[in-house]
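# Summary of structural features
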Amino acid sequence: MINRRNFIIGAAGLVSATQFPALSLARTSSTELELIAGPAKKKLFRPDAEASDVWAYNGEVPGPEIRVRKGDRVRVRFTNNLEEPTSIHWHGIRIDNAMDGVSGLTQEAVQPGASFVYDFEVPDAGTYWYHAHNKSWNQVGRGLYGPMIIDEPERPFDSSHDITLVLDDWRLRRPGVLDTESFGSLMDWSHGGRLGNWITVNGGAVPVTALKRGEAYRLRLINAANARVFEIDPNRFDAKVLAYDGQALSEPISLAYAPAMLGPAQRMDLLVVPQENFALEEVSSDDPFVMAEFKVEGVATAAVTAPAVAINAIPEPDIANARRVKVLMEGGAMGGFVEITYQGKKLQGEDVQSTRQTWAFNGVANLADDPLFVAERGQTIIIETINRTAWVHAMHVHGHHFRVISRSGSEVDEGKPWRDTFLIGPNQTTEIAFVTDNPGKWLYHCHMLEHAAAGMTTWFTVA
Ligand code: C2O
Ligand code: CU
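All values reported here derive from a predicted model rather than from experimental measurement.

## Some thoughts on the coordination of the copper ion (ligand 2)
Here the copper ion (ligand 2) is held by His393 (ND1), Cys446 (SG) and His451 (ND1), and the distances to it run 2.0 to 2.1 Å. For the copper ion (ligand 2), the single-chain donor residues occur in sequence as H-x52-C-x4-H. Residue His393 is located in strand β30 (residues 393–397), and its partner His451 is located in helix α4 (residues 449–453); the two are separated by 58 residues in the primary sequence. Each member of the pair, His393 together with His451, is buried.

Set out below in structure tokens:
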């Protein structure tokens, strides 16, 4: 776990910029944004520490914030200046399948030196992100991700009241330099994934943001970590939840069950009307880790009313006529013996070492020739996921949002909100429901990126 004593933060206020260098997109269909993936240097730790070797979009970690409006057409010319193939996935966007960016499934990976134009419409407002989708455990883990914010037609919070906070954890070796040797460690793949020992927000340590007392702010939290579940308690600073995974709730809610678990790839928008200075903390240990600080200034005037966030229209699942699909999750450390089929072959003895496949869905590791299921367009699918492993997982459906309709165990989501990624604890069974309204080939995988690579990935098709 994060041991704060190993990493004592120096003076606060070292990093003050929480605003992104935003790419602005003119509202014409011919405008292209440019993203270039390549190696870069980045100080992840204290300013006096060495810079790390990272991989970045346009030289930045996180990559530039892409900010567009609901219904816009987005064109991104992407160039790969890495030494290995890659592609970009637009996480949470109910996107045209050909633009989903999954290397080997929806497109050929973009080769070193080559380009690809992503061209798609964004149907929903909200907080999304983009990230590499080839060897994600390595490419995302080195910094290939960035926020994508889709504004409502009438923007409820102006730019000074709308703050994006991209969380990541990094495994640093002294003196504060990214540990690149341990990428791909089998230990990580079969246990809890690659966990770090240092948290950054927007690529820096403990950014400090000035807020005005008594005004309403939207904080958009994005978990870009490979495997860490951040535990966050919005009640500590009287914040309410506005949205999960990009989708606004019918009204802001105060959490009855705190802290909230923000799993890999999940997002949570908070509404805060600050009265006093506060910190955004990771509270899973006895000694909370301060991730970001907020200095509250000025004198509160009259009580503010927080602007309402518009709700996206997503087709409601028809539970009574749903088709059921079961996914049994097995494998990993402490999971006992599991028979695993990989690329049509039962793994035996040394095979596990050489293929690195240690997890399976219904006995199959990674993508088989046949999809998990073939759905018709407009069908309601219930996926019942049974976690028979000793680990927590963060399951993500591509191209669709779903409702969590039932969950064994104690975690509760008030009001069955729409999500694109859900957490499932050891020995839990969770049912999600969604309408397959988006044709194409879609992944269903664990967003703990080492787990995904080590077997926890499957796919389905919508005709
Ligand atoms: Cu955000 Cu298949 O991933
Ligand atoms: Cu997992």
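## Section: the domain arrangement of the protein chain
Split by domain assignment, the protein chain resolves into domain 1 (32–159), domain 2 (172–297) and domain 3 (319–462). For domain 1 versus domain 2, the separation of C-alpha centres amounts to 20 Å. Contact residues are listed per partner, giving 33 residues for domain 1 and 30 residues for domain 2. Of the roughly 2,500 Å² buried where domain 1 meets domain 2, counting both sides, 60% is carbon and sulfur surface. At the boundary of domain 1 and domain 2, one finds 2 salt bridges. Among the salt bridges present, the one from Arg218 reaches Glu152, with a minimum N-O distance of 3.2 Å. Viewed at the interface, domain 2 and domain 1 are joined by 12 residue pairs in polar contact (both at pLDDT 80 or more). For the side of domain 1 that touches domain 2, the secondary-structure elements that each account for two or more residues are β3 (52–57), β8 (126–132), α1 (136–139) and β9 (145–151).

## Section: the packing of aromatic side chains
Across all of its chains, the model carries 16 aromatic pairs by this definition. Aromatic pair Phe116 and Tyr118: ring centres 4.6 Å apart, planes at 55 degrees, arrangement tilted. A relative accessible area of 23% places Phe116 in the partly exposed class. When the ring of Trp137 is compared with that of Trp189, the centres are 5.1 Å apart and the planes differ by 70 degrees; the resulting orientation is edge-to-face. One end of the pair, Trp137, is in helix α1; the other, Trp189, is in helix α2 (residues 186–190), and 52 residues separate them in sequence. One aromatic cluster in this structure is built from Tyr57, Phe78, Trp90, Phe116, Tyr118, Phe120 and Tyr130. In this structure, Arg142 is placed above the aromatic ring of Trp55, and the distance from its NZ or CZ to the ring centre is 4.6 Å.

## A few points about the side chain of Thr127
Within the secondary structure, Thr127 sits in strand β8. Classification of Thr127 by relative accessible area gives buried; the value is 0%. A distance of 2.9 Å separates a polar atom in the side chain of Thr127 from a polar atom in the side chain of Asp269. If we skip the residues at most four places from it in the chain, Thr127 touches Met148, Ile149, Arg220, Ile222, Asp245, Gly246, Arg267 and Asp269.

## Observations regarding the pattern of salt bridges
Under the defined criterion, the tally for this structure stands at 30 salt bridges. Across the pair Arg171 and Asp188 runs a salt bridge whose closest N-O atoms are separated by 3.1 Å. One end of the pair, Arg171, is in the loop between β10 (162–170) and β11 (172–173); the other, Asp188, is in helix α2, and 17 residues separate them in sequence. With relative accessibility at 9%, the residue Asp188 sits in the buried group. The partner of Arg403 in a salt bridge is Glu316, with the nearest N and O atoms 2.8 Å apart. With Arg403 in strand β31 (residues 402–407) and Glu316 in the loop between β22 (289–297) and β23 (323–331), the pair connects residues that are 87 residues apart, well separated along the chain. One salt-bridge network, in which partners are shared between bridges, spans Glu65, Arg67, Asp151, Glu152, Arg155, Asp162, Arg218, Arg220 and Asp269.

## Quick word on the layout of surface pockets
A water-sized probe, rolled over the atoms, reveals where empty space remains. Space inside the largest pocket adds up to approximately 380 Å³. Considering the residues around the largest pocket, the lining is formed by 17 residues, among which Ser103, His133, Asn134, Lys135 and Asn366 are closest to the centre. Secondary structure elements with two or more residues in the lining of the largest pocket: α1, β35 (440–446) and α4. For the lining of the largest pocket, the element with the highest residue contribution is α4, accounting for 3 residues. Looking at the lining of the largest pocket residue by residue, the classes come out as 8 nonpolar, 8 polar and 1 charged.

## Comments concerning the environment of Val290
For Val290, the position within the fold is in strand β22. With relative accessibility at 11%, the residue Val290 sits in the buried group. Linking Val290 and Ala279, residues 11 residues apart in sequence, is a C-alpha distance of 6.3 Å.

## Here we look at the sheet that holds β3
Taken in spatial order, the 4 strands line up as β3-β2-β5-β7 in an open sheet, and their pairing is mixed. With partners counted over all chains shown, the strands left at the sheet margins are β3 and β7 (115–121), one partner each. The average undirected angle you get between the axes of adjacent strands in this sheet is 20 degrees.

## A short note on the sheet that holds β22
Across the sheet, 3 strands lie side by side as β14-β22-β21; this open sheet has mixed pairing. The outermost strands of the open sheet, each flanked by one partner alone, are β14 (208–212) and β21 (278–282). Strand after strand, the sheet turns through a mean of 25 degrees between neighbouring axes, direction not considered. Two strands pair when backbone bridges link them, and β21 and β22 are joined in this way by 5 bridges, in the antiparallel orientation.

## Some remarks on the pairing of strand β4 (residues 65–69)
Within β4, 4 of the 5 residues are buried, leaving the element largely enclosed by the surrounding structure. Pairing of β4 with β9, which is carried by 4 bridges, proceeds in the parallel orientation. The partner of Arg67 across the bridge, within β9, is Ile149.

Rules of the game
Residues numbered from 1 in each chain as written. Chains lettered and ligands numbered in written order. Predicted model: local features only at pLDDT ≥ 70, side-chain atom pairs only at ≥ 80, totals over all residues. Heavy atoms only, no water. Donors = N, O, S within 2.8 Å, 3.2 Å for Na, K, Ca; no water. Helix = DSSP H or I, 4+ residues; strand = E, 2+ residues; numbered from the N terminus. Buried < 20%, exposed > 50% of the residue type's maximum accessible area, 1.4 Å probe, protein only. Domains from an automatic or database assignment. Contact = heavy atoms within 4.5 Å. Buried area = accessible area lost by both parts, 1.4 Å probe. Salt bridge = Lys/Arg side-chain N within 4 Å of Asp/Glu carboxyl O. Polar contact = N/O pair within 3.5 Å; in protein donor to acceptor, adjacent residues only side chain to side chain. Phe/Tyr/Trp six-rings, centres within 6.5 Å; stacked < 30°, edge-to-face > 60°. Lys NZ or Arg CZ within 6 Å of the ring centre and 35° of its normal. 1 Å grid on protein atoms, 1.4 Å probe; cavity = no way out; pocket = protein on both sides within 12 Å on 5 of 7 lines; lining within 4 Å. Points joined across faces, edges and corners; volume = space filled by probe spheres on them. Nonpolar A, V, L, I, M, F, W, Y, C, P; charged D, E, K, R; others polar. Pairing = 2+ DSSP bridges. Axes fitted to C-alpha atoms, helices over the stretch in contact; angles between N-to-C directions.

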